[in-house]
Amino acid sequence: LSGSASQVRRHYQLHRWAGVICVFLFAAHAVRFGYAWTGWLSTVFFLTALSGVLNREIVSYRSRKAYLGWFFVHVALAFALVPLIGVHIWIALAYQ
């Protein structure tokens, strides 16, 4: 992300708030953990949220390698959510 420091801070704050809001929306939407692939969706969502909480403000990573490992895991989990959510929507609409 490029831009001034204030723009980067604003984007980061919006990213954190979006994550918090998504957790509450997910909790309101998912009445139970689910099974089979919806269980995977719930698990990946939970792990994405958990890894988001483990950012530099909470965990002081002692090495750049550890930080990049955390960053990779967080982004990879977030990307894994996209097809799982797509399948969830597709199946929900197919069975209406």
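This write-up is about the structure you can find in this document. The model shown is predicted, which means the values in this text are computed figures rather than measured ones.

Looking only at helices and strands, the protein chain features three helices and zero strands. The secondary structure elements of the protein chain, listed N-terminal to C-terminal, are α-α-α. Computed over the C-alpha atoms, the radius of gyration of the protein chain is 16 Å, more than 25% above the 12 Å expected from 2.2 N^0.38 for a compact globule of 96 residues. Taken over the C-alpha atoms alone, the protein chain extends approximately 45 × 25 × 20 Å along its principal axes. Here the protein chain, with 96 residues, has 15% of them falling under the buried criterion. Taking as baseline every contact in the protein chain between residues at least 6 positions apart, the subset at least 24 positions apart corresponds to 56%.

A separate point is the nonpolar core. Core analysis: the biggest nonpolar cluster contains six residues, these being Leu 41, Val 44, Phe 45, Leu 77, Leu 81 and Leu 84. Elements with a contribution of two residues or more to this core: helix 2 (36–53) and helix 3 (64–94). With residues up to four places along the chain from it excluded, the contact list for Leu 81 reads Leu 41, Val 44, Phe 45 and Thr 48.

Attention now goes to the environment of Leu 68. Tracing the chain through its elements places Leu 68 in helix 3. Using a relative accessible area of 39% as the deciding quantity, one classes Leu 68 as partly exposed.

So, on to the pattern of salt bridges. Once their charged atoms are close, side chains differing in charge can pair, the charge on each being opposite to the other. Counting across every chain of the model gives one salt bridge. Residue Glu 57 is joined to Arg 16 by a salt bridge in which the shortest nitrogen-to-oxygen separation is 2.5 Å. Placement of the pair is Glu 57 in the loop between helix 2 and helix 3 and Arg 16 in helix 1 (residues 5–29), with a sequence separation of 41 residues. A residue is classified by how much of its surface remains accessible, and Arg 16, at 33% relative accessible area, is partly exposed.

A few words now on unusual backbone geometry. Even without a glycine there, the phi angle at Ala 36 is positive, about 55°. Relative to the helices and strands, Ala 36 resides in helix 2. Residue Ala 36 is classed as exposed on the basis of its relative accessible area of 53%.

Let us now look at the packing of helix 1 against helix 2. Interhelical geometry of helix 1 versus helix 2 gives an angle of 150° and a closest axis separation of 11 Å. Relative to helix 2, the element helix 1 lies roughly antiparallel. The two elements helix 1 and helix 2 cross, and the hand of that crossing is left-handed. In contact with Cys 22, Val 23 and Phe 26 of helix 1, helix 2 contributes Ser 42, Phe 45 and Ala 49. Class assignment for the residues of the contact of helix 1 with helix 2 results in five nonpolar, one polar and no charged.

Conventions we followed
- Residues numbered from 1 in each chain as written.
- Predicted model: local features only at pLDDT ≥ 70, side-chain atom pairs only at ≥ 80, totals over all residues.
- Heavy atoms only, no water.
- Helix = DSSP H or I, 4+ residues; strand = E, 2+ residues; numbered from the N terminus.
- Rg over C-alpha atoms; globule rule 2.2 N^0.38 Å.
- Buried < 20%, exposed > 50% of the residue type's maximum accessible area, 1.4 Å probe, protein only.
- Contact = heavy atoms within 4.5 Å.
- Core = buried A, V, L, I, M, F, W, Y, C linked by side-chain atoms within 4.5 Å.
- Salt bridge = Lys/Arg side-chain N within 4 Å of Asp/Glu carboxyl O.
- Axes fitted to C-alpha atoms, helices over the stretch in contact; angles between N-to-C directions.
- Parallel < 35°, antiparallel > 145°, perpendicular 65-115°, else oblique.
- Left-handed = near helix turned anticlockwise from the far one by under 90°.
- Nonpolar A, V, L, I, M, F, W, Y, C, P; charged D, E, K, R; others polar.

All we've got here are geometric facts, nothing functional implied.
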